[in-house]
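Residues per chain, in single letters:
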Amino acid sequence: MGHEAKKHEIRTSWKMRTLGILAGWFVRLLSCTLRMRVEDRCGFTDRSSHPYPVIWCVWHSRILAVIMSRKRFCPWRRGSVLTSPSHDGAALASFARTVGLEAVRGSSSRRGSRALKELVGVVRSGRDVGITPDGPRGPRYRLHPGLVKLAQVTRAPILGIHVHFGRAIRFKTWDRFALPLPFSRITIIFDELLEVPRELDDDAFETKRVEVECMMRAGVDDLDLPTHDHSKRKRNSR
């Protein structure tokens, strides 16, 4: 019983919440300096084109850039992001609220089923959901099935989002997290929307998962990024 309770525990602390708030304000200031260009393949930035909720799909290393782009290109859309129930997730939840988003706490290994139910409720209330399908611990660029399951249950389309950085710091984390440098250029690509049928057997579900993963990996320009690289500029200078 104690192990089960610990499995569903949501961890937090005032230190992590404060860190998230400070990071949120830093990002709001940083985003003011960035030169962002958008490539809209599905008309998503047209306010009248997509009044229904969608599931934002973005790799973990690029979530920061996508959050910054939302405020600039589609500030009218309300949404929530999925963050882990760990202490790190507490900081991310506070960060999300500081930049105008709500947060649902959960992951594939902890609170997975409960988080899925909460996300279904978010979509049915008319809000978008943002998910990093290779998070919170990877493997990098490997799409976990939870995102496809959410799309299957809610019938909300999946919006794949790709990000290309002009200049960015690459951290030595499992995802090679990218922090764009001030006054650099970012290209945001909103890909075609993908629908997931309600009725799928196991084989068809896996086929759809692979389809979404291939679509997301096709928009990545650093699949072969070595572990010792810190920036795209350093990589390109070789």
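Residues numbered from 1 in each chain as written. Predicted model: local features only at pLDDT ≥ 70, side-chain atom pairs only at ≥ 80, totals over all residues. Heavy atoms only, no water.

1. Things to note about a positive patch on the surface
Turning to step 1, where the next piece is worked out: A cluster of like positive charges, contributed by R35, R37, R167 and R185, occupies part of the molecular surface.
Turning to step 2, where the next piece is worked out: Along the chain, R37 falls in strand β1 (residues 35-40). (Patch = residues over 30% accessible without salt bridge, like charges linked within 9 Å, V, L, I, M, F, W, Y side chains within 5 Å. Areas by Shrake-Rupley, 256 points an atom, 1.4 Å probe, with all protein chains shown as cover. Salt bridge = Lys/Arg side-chain N within 4 Å of Asp/Glu carboxyl O. Lys, Arg positive; Asp, Glu negative; His and termini not counted. Charge placed at Lys NZ, Arg CZ, Asp CG, Glu CD. Helix = DSSP H or I, 4+ residues; strand = E, 2+ residues; numbered from the N terminus.)

2. Remarks on helix α7 (residues 202-218)
Turning to step 1, where the next piece is worked out: Relative to the 24 Å expected for 17 residues at 1.5 Å per residue, α7 spans 24 Å between its end C-alpha atoms, a close match to the ideal helical length.
Turning to step 2, where the next piece is worked out: Inspection of α7 places F205, K208, R209, V212, E213, M215 and M216 among the buried residues, and these make up the whole buried set. Seen along its axis, α7 keeps its buried residues to an arc of 160°; they face one direction. Along α7, exposed side chains directed more than 90 degrees from the buried face belong to D203, T207 and A218.
Turning to step 3, where the next piece is worked out: Of the surrounding secondary structure, the elements contacted by the buried residues of α7 are β2 (55-57), α6 (146-154), β6 (158-165) and β9 (185-194).
Turning to step 4, where the next piece is worked out: Capping the start of α7 is the job of one residue whose side-chain oxygen sits 3.2 Å from the backbone nitrogen of D203: D201. (Expected span 1.5 Å × (residues − 1). Buried < 20%, exposed > 50% of the residue type's maximum accessible area, 1.4 Å probe, protein only. Arc of directions from axis to C-beta. Contact = heavy atoms within 4.5 Å. Polar contact = N/O pair within 3.5 Å; in protein donor to acceptor, adjacent residues only side chain to side chain.)

3. Thoughts on the pattern of salt bridges
Turning to step 1, where the next piece is worked out: In total, this model carries 10 salt bridges according to the counting rule given.
Turning to step 2, where the next piece is worked out: Across the pair D222 and R62 runs a salt bridge, and its minimum N-O distance is 3.2 Å. Taken together, the residues span a long stretch of sequence, with D222 in the loop between α7 and α8 (232-236) and R62 in the loop between β2 and α3 (63-73) at a distance of 160 residues.
Turning to step 3, where the next piece is worked out: Here R62 falls in the buried class, since its relative accessible area comes to 1%.
Turning to step 4, where the next piece is worked out: A cluster of three or more residues bridged by salt bridges with shared partners is formed by R62, R170, D221 and D222.

4. Considering the packing of aromatic side chains
Turning to step 1, where the next piece is worked out: Under the counting rule described, the total for this entry stands at 5 aromatic pairs.
Turning to step 2, where the next piece is worked out: Ring geometry for F44 against W56: centres 5.5 Å apart, planes inclined by 80°, an arrangement best described as edge-to-face. Of the two residues, F44 sits in the loop between β1 and β2 while W56 sits in strand β2, which places them 12 residues apart along the sequence.
Turning to step 3, where the next piece is worked out: Geometrically, the ring pair formed by F171 and F177 is tilted, given 6.4 Å between the ring centres and 45° between the ring planes.
Turning to step 4, where the next piece is worked out: Given the relative accessible area of 36%, F171 is considered partly exposed.
Turning to step 5, where the next piece is worked out: Cluster of aromatic residues (ring-pair linked, three or more members): F44, W56 and F190.
Turning to step 6, where the next piece is worked out: Its end group placed over the ring of W25, R28 keeps NZ or CZ at 4.4 Å from the ring centre. (Phe/Tyr/Trp six-rings, centres within 6.5 Å; stacked < 30°, edge-to-face > 60°. Lys NZ or Arg CZ within 6 Å of the ring centre and 35° of its normal.)

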